[in-house]
Amino acid sequence: MSEKKKLTTASGRPYVENEDSLTVGRRGPILLEDYVLHEKMAHFNRERIPERVVHANGSGAFGTFTVTHDITKYTKAKMFSHIGKKTDMLARFSTVGGEKGSADTERDPRGFALKFYTEDGNWDLVGNNTPVFFVKDPKKFSDFIHTQKRHPFTNMKSPTMMWDFWSLNPESLHQVLILMSDRGTPFGYRHMNGYGSHTYSLINANNERHYVKFHFKTDQGIKNFNDAEATKMKGENPDFAQQDLIEHIENGNYPKWNLKIQVMTEEEAKNYKWNPFDLSKVWPHGDFPLIDVGVMELNKNADNYFAQIEQSAFAPAHIVDGVGYSPDKMLQGRLLSYPDAHRYRLGVNYEQIPVNRCPYAVNNYERDGFMRVDGNQGRAENYFPNSFDEIEVDEDYKLKSPEVNDASADWYDRNSAAANENDHYTQPGNLYRIMSDQAKTNLVNNTVGAMSGIDGPKKEEITKRQLAHWYNADKELGRRIAEGLGVSM
């Protein structure tokens, strides 16, 4: 017997006529009863789901995380329980501002999203290839992203609105400096680091909390395009990063990243010179050295891009026992916005999609909604408490309560001088000063090229305002960019 499968409709009915529509005579009109035609066209019309508002263009792969060092004194998370412990995972890399069909070598930060399938649920670590970000309060996020998208009048990218926003928000300078360096155009996804970016917390078996930063250091070594190379590659192969990742994995050259953490005690967090929950700042390694944890290896490509990468959904709200949040304002905002974005894009039951589903157990009282495909928990009660339940609460998973140092509610200025949160220049200046001479030159040239795109009646005002920020970070940097733009300081 033939092992080939029969061609069928979505309802399972075998059919033959897959290329010719049912018509009245050879040259007559199509009959309404040709249901196969209806089904094929109707499905085709609905093949595109809404693309992600940010991080629309991405690549991904499956792999494993292996623990190589003991960090159980910091966390009781089961995936870190012992050396040699392996956890299956999914990684998705992406550009931030471009649409789904844009080039993946654009000058842009890169998303670095990880999903670990642990026995205590899925843990999503959703960060970037940079340790900082442009803004530090979520109320500014949508405004910032609008400046990275298309202008409502011209429907084109606008350097003017980008630099206008950045110049009006000096907290962005640290990230803008990184973006304008060659780190803004990485050589694919394998040669860049990844960061949790936010401050998270780890909880150990004694219910003690430490604050933590996650760093994934590429084992392939840092490698970037310069600006000319990235521009050239955009025209030659807009899918360079996608091709590079999939071909290396398919050929058995599995990329690896080494996970390291920085750890800060709660007491240190209260007294540190910078707000440790400020996403525009790093924790200097001299004060909080990197601690080795384990190795992430990507060793399997998705069999179907749409099912396993396009439908993958990551949210920093998804934590596991032994990992917690922090007062990081941007993290707090993302706890709401990321799951909400997935419910809009994929439906309220997006976590039942196989790539997002916890492979161990999901038990709750949520029912119904679009695309409920798991049996809807059958005859089980959908309310709590009830007298018939097979679900129980395990008190071992009780969360450590968050600590609130200031109980006064207010719209606090995130850049307050009184609170010493308005130093936007020390860290980017320090970063510039440790760069090599060639890296400094590339940074200056990239910035001059990008700022040359500012136009319109506010060009001089925006340019000089941004130049003042560069100058405040480092006088040499400000002078060199001003000279490149032909502006006298």
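Preceding this paragraph is the structure being described.
Here's what I pulled together on the structure shown here.

Criteria and cut-off values
- Residues numbered from 1 in each chain as written.
- Predicted model: local features only at pLDDT ≥ 70, side-chain atom pairs only at ≥ 80, totals over all residues.
- Heavy atoms only, no water.
- Phe/Tyr/Trp six-rings, centres within 6.5 Å; stacked < 30°, edge-to-face > 60°.
- Lys NZ or Arg CZ within 6 Å of the ring centre and 35° of its normal.
- Patch = residues over 30% accessible without salt bridge, like charges linked within 9 Å, V, L, I, M, F, W, Y side chains within 5 Å.
- Areas by Shrake-Rupley, 256 points an atom, 1.4 Å probe, with all protein chains shown as cover.
- Salt bridge = Lys/Arg side-chain N within 4 Å of Asp/Glu carboxyl O.
- Lys, Arg positive; Asp, Glu negative; His and termini not counted.
- Charge placed at Lys NZ, Arg CZ, Asp CG, Glu CD.
- Helix = DSSP H or I, 4+ residues; strand = E, 2+ residues; numbered from the N terminus.
- Axes fitted to C-alpha atoms, helices over the stretch in contact; angles between N-to-C directions.
- Parallel < 35°, antiparallel > 145°, perpendicular 65-115°, else oblique.
- Contact = heavy atoms within 4.5 Å.
- Nonpolar A, V, L, I, M, F, W, Y, C, P; charged D, E, K, R; others polar.
- Buried < 20%, exposed > 50% of the residue type's maximum accessible area, 1.4 Å probe, protein only.
- Polar contact = N/O pair within 3.5 Å; in protein donor to acceptor, adjacent residues only side chain to side chain.
- Pairing = 2+ DSSP bridges.
- Core = buried A, V, L, I, M, F, W, Y, C linked by side-chain atoms within 4.5 Å.

1. A closer look at the packing of aromatic side chains
Next, step 1: Inspection of the entire model under this criterion finds 27 aromatic pairs.
Next, step 2: Ring pairs connect the aromatic residues Phe133, Phe134, Phe141, Phe144, Trp163, Phe165, Trp166 and Trp470, which therefore count as one cluster.
Next, step 3: Here Lys115 stacks its cationic end above the ring of Phe314, 5.1 Å away from the centre of that ring.
Next, step 4: Residue placement shows Arg334 over the ring face of Tyr338; its charged tip is 4.4 Å from the ring centre.

2. A word on a negative patch on the surface
Next, step 1: A surface patch of like charges, here negative, comprises Glu392, Asp394, Glu395 and Asp396.
Next, step 2: By the element assignment, Asp396 lies in the loop between helix H9 (329–346) and helix H10 (426–433).

3. Some words on the packing of helix H4 (residues 173–180) against helix H12 (residues 459–473)
Think of two packed helices as two axes; the pair is described by the angle between the axes and how far apart they sit.
Next, step 1: Two elements in contact, H4 and H12, have axes whose closest approach is 11 Å; the angle formed by their N-to-C orientations is 90°. Overall, the two elements H4 and H12 adopt an arrangement that is roughly perpendicular. Contact residues: H4 offers Leu173, Val176 and Leu177, while H12 offers Gln466, His469, Trp470 and Ala473.
Next, step 2: When grouped by side-chain class, the residues that make up the contact of H4 with H12 number five nonpolar, two polar and no charged.

4. Section: the side chain of Ser158
Next, step 1: By secondary structure assignment, the location of Ser158 is in the loop between helix H2 (141–148) and helix H3 (159–168).
Next, step 2: Residue classification places Ser158 among the buried positions, given a relative accessible area of 12%.
Next, step 3: Among the polar contacts made by the side chain of Ser158, one reaches the main-chain amide nitrogen of Met161 at a distance of 3.1 Å.
Next, step 4: Apart from the residues lying within four places of it in its own chain, the contact partners of Ser158 are Thr147 and His151.

5. Observations concerning the pattern of salt bridges
Next, step 1: The tally for this structure, following the rule as stated, stands at 29 salt bridges.
Next, step 2: A salt bridge links Arg190 to Asp244; the nearest nitrogen and oxygen atoms lie 2.7 Å apart. Of this pair, Arg190 sits in the loop between H4 and strand S5 (194–195) while Asp244 sits in helix H6 (residues 240–250), placing them 54 residues apart in sequence. Exposure class is identical for Arg190 and Asp244. Each is buried.

6. Structural notes on the environment of Tyr432
Next, step 1: In this structure, Tyr432 sits in helix H10.
Next, step 2: Along the sequence, Tyr432 and Asp474 sit 42 residues apart, while their C-alpha atoms lie 7.7 Å from each other.
Next, step 3: Look past the residues within four positions of Tyr432 in its chain and what remains in contact with it is Leu177, Lys440, Leu443, Asp474, Glu476, Leu477 and Arg480.

7. Concerning the pairing of strand S7 (residues 209–218)
Next, step 1: Most of S7 is tucked away, with nine of its 10 residues classed as buried.
Next, step 2: Here S5 pairs with S7 via two bridges, running antiparallel. Directly across from Gly194, in S7, lies its bridge partner Phe216.
Next, step 3: Bridge analysis of strand S6 (residues 200–203) against S7 gives four bridges, and the strand direction is antiparallel. Within S7, the position partnered with Tyr200 by the bridge is Val212.
Next, step 4: Direction of pairing for S7 relative to strand S8 (residues 256–265): antiparallel, over a ladder of nine bridges. When the sheet's bridge partners are listed, His210 is paired in S8 with Thr265.

8. Description of the nonpolar core
Next, step 1: Membership of the largest hydrophobic core comes to 37 residues, with the highest contact counts inside it found for Phe65, Phe80, Phe214, Phe216 and Ile261.
Next, step 2: Per element, the largest residue contribution to this core is four residues, and it comes from S8.
Next, step 3: Contacts of Phe65, omitting those with residues within four sequence positions, involve Met79, Phe80, Lys85, Lys86, Thr87, Met89, Phe116, Leu259, Val293, Gly294, Val295 and Met296.
Next, step 4: Counting residues in each nonpolar core, the second largest holds 36 residues, with Ile145, Leu173, Leu177 and Ile462 among its members.

9. Here's the deal with the pairing of S6
Next, step 1: Neither face of S6 is left uncovered, since the one carrying Tyr200 and Leu202 and the one carrying Ser201 and Ile203 both have all their residues buried.
Next, step 2: The turn linking S6 back onto S7 is made up of five residues, and Asn207 within it adopts a positive phi angle of 65°.
Next, step 3: Pairing between S6 and strand S10 (residues 323–324): two bridges, direction antiparallel. Directly across from Ser201, in S10, lies its bridge partner Gly324.

10. Describing a nonpolar patch on the surface
Next, step 1: Residues Leu22, Val24 and Leu31 make up a contiguous nonpolar surface patch of about 220 Å² in total accessible area.
Next, step 2: With respect to the helices and strands, Leu22 occurs in the segment before helix H1 (35–45).

11. Quick notes on unusual backbone geometry
Next, step 1: Of note, the bond from Phe384 into Pro385 is cis; its omega dihedral lies within 30 degrees of zero at -5°.
Next, step 2: Tracing the backbone shows Pro385 in the loop between H9 and H10.
Next, step 3: In this model, Gln377 sits at a positive phi of 60°, which is unusual for a non-glycine residue.
Next, step 4: Position of Gln377 relative to the elements: it lies in the loop between H9 and H10.

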